[in-house]
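So the chains spell out like this:
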Amino acid sequence: MLPGVSLPISLRRLLDAFAGSFTTPTFAVFRAMVFGLVAQTGQRTVCGMLTGAGLATTWSHHRAHRFFSAARWSVDQIGLTVFDLVLAHLVTDTADLLVAVDDTAHRRRGKKVHGAGWIHDGSAPSRNKLAFGHRWVVAGIIAQVPFLSRPICLPVLCRRWQGKGTASTVELAAQMITVIAGRVPGRRVHVVADAAYHGTSLRNLPAGVSWTTRLPRNAVLYHRAPAPTGKRGRPRLKGDRIGTPAQAAATTVWRTVSVARYGRADTVSIATRDCLWYGVFGPLPVRTVLVRDRPDAPMLALITTDLTVTAADLVGRYAARWAIEVTFFDTRQTLGVGQARNRTAQAVNRTWAFGMYVYTLVVLWYAVSGHRSQIVADRRIHAPWYLSKTDPSFTDMLTALRRTLIAARFMGSRPAQPTNAEIRQVQRAWALAAA
């Protein structure tokens, strides 16, 4: 094994886009930390990244810790560079952008961990949803790549919610979407979020940005404001009261349509109504789309500021939001994001976001250089219980990149005649790559 970090050209081309965001010494550490997080199959702590990069005996661990706690670089700048790479490689130049926004809980321990507090963890497997740690809001580009039958969400910006009395999760989401829209002026950006993401902070989004979310059951809808009557006094800002989504459903005409969602075509009943959600969007016109799979099934109530989209397309757009939930699972369970145990303010704010961006880089690398049709076939041979597997999972993508790193990292002193020790070392690393 060669000392230092030996990156394959395919990955180096992606990482070179970040050179302008760091000083030369810090850029070397950045590449090593990316290498280490991808290659490490054990604990993905900061020291674990150093070990994964093969530098534990040549670099001081302080060098890796200083990268997150003290070095001069911006998390947002790194995220926007990732965003540019996603647009360059996975999104058509003229296509509208679809962005998913959601938050996730990151459990931490210790009184000295910066910013940690009691939060609600909705994904906790137990009934106790109360957790101690951090809450992160993530904005990710939803892309459709040729080798996947489902959309995939690629994180490009992250914000940590800092607790009561600070910007809410909705305000943090609006800030990130404003940054994204400013990065692509003149391009339409469609945002999808769950029912928690509504509020008056969404009234001042940039032009060209639409927002789609679920309606709470107690939301009150109104007709649009009537035309001015010419009489004295301020014109009305909203029309007559429609009521809650359930009340709106009782007075709306339903029709049957086919919608594409979750990789299949479903026939559902849909009712649409142009109205106002005055308590959230004020006088901004919105469209409500009510969806039922069956007459006796629960109703899904969606609301959007995009008045040009069809009801069927809006249902499919909102269904694509689920990709961000898959991303949260893969980053936590497969890539090990959140295992770092740093405690200082800057390190806490950087390390988790860094891991999310590495997830996007892994998918980018696989889409640009790593995909092979044989990968899925080999996976089915070694795991024959995956009878219907047709798409590579993130685990497959990560394994492919790890093995490419092995090919660049392990080089015999005599390439034409490697020693037995070198062969065993490569075989062991190759097997661990799929761990």
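Residues numbered from 1 in each chain as written. Predicted model: local features only at pLDDT ≥ 70, side-chain atom pairs only at ≥ 80, totals over all residues. Heavy atoms only, no water.

### Digging into helix H2 (residues 24–39)
Then, in step 1: Counted at 1.5 Å a residue, the expected span for H2 with its 16 residues is 22 Å, and the 23 Å between its end C-alpha atoms agrees.
Then, in step 2: All buried positions along H2 are accounted for by Thr26, Phe27, Val29, Phe30, Ala32, Met33, Val34, Phe35, Gly36, Leu37 and Val38. (Helix = DSSP H or I, 4+ residues; strand = E, 2+ residues; numbered from the N terminus. Expected span 1.5 Å × (residues − 1). Buried < 20%, exposed > 50% of the residue type's maximum accessible area, 1.4 Å probe, protein only.)

### Regarding empty space enclosed by the protein
Over the atoms rolls a probe the size of a water molecule, and its path tells where empty space is left.
Then, in step 1: Under the counting rule described, the total for this entry stands at one cavity of 30 Å³ or more.
Then, in step 2: Counted as a void, the largest cavity has a volume near 130 Å³.
Then, in step 3: Lining the largest cavity are 18 residues, with Gly338, Gln339, Ala340, Thr351 and Trp352 sitting closest to its centre.
Then, in step 4: Tallied by class, the residues present in the lining of the largest cavity amount to eight nonpolar, eight polar and two charged. (1 Å grid on protein atoms, 1.4 Å probe; cavity = no way out; pocket = protein on both sides within 12 Å on 5 of 7 lines; lining within 4 Å. Points joined across faces, edges and corners; volume = space filled by probe spheres on them. Nonpolar A, V, L, I, M, F, W, Y, C, P; charged D, E, K, R; others polar.)

### Points about the side chain of Asp391
Then, in step 1: Within the secondary structure, Asp391 is located in the loop between helix H12 (373–382) and helix H13 (394–409).
Then, in step 2: Look at Asp391: it is buried, it has no salt bridge, and the nearest opposite charge is Arg150 at 5.6 Å.
Then, in step 3: For Asp391, the side chain forms a polar contact with the side chain of Ser149, separated by 2.5 Å.
Then, in step 4: A distance of 3.4 Å separates polar atoms of two side chains, one belonging to Asp391 and the other to Thr390.
Then, in step 5: Setting aside its immediate chain neighbours within four residues, Asp391 contacts Phe147, Leu148, Ser149, Arg150, Val376 and Asp396. (Lys, Arg positive; Asp, Glu negative; His and termini not counted. Salt bridge = Lys/Arg side-chain N within 4 Å of Asp/Glu carboxyl O. Polar contact = N/O pair within 3.5 Å; in protein donor to acceptor, adjacent residues only side chain to side chain. Contact = heavy atoms within 4.5 Å.)

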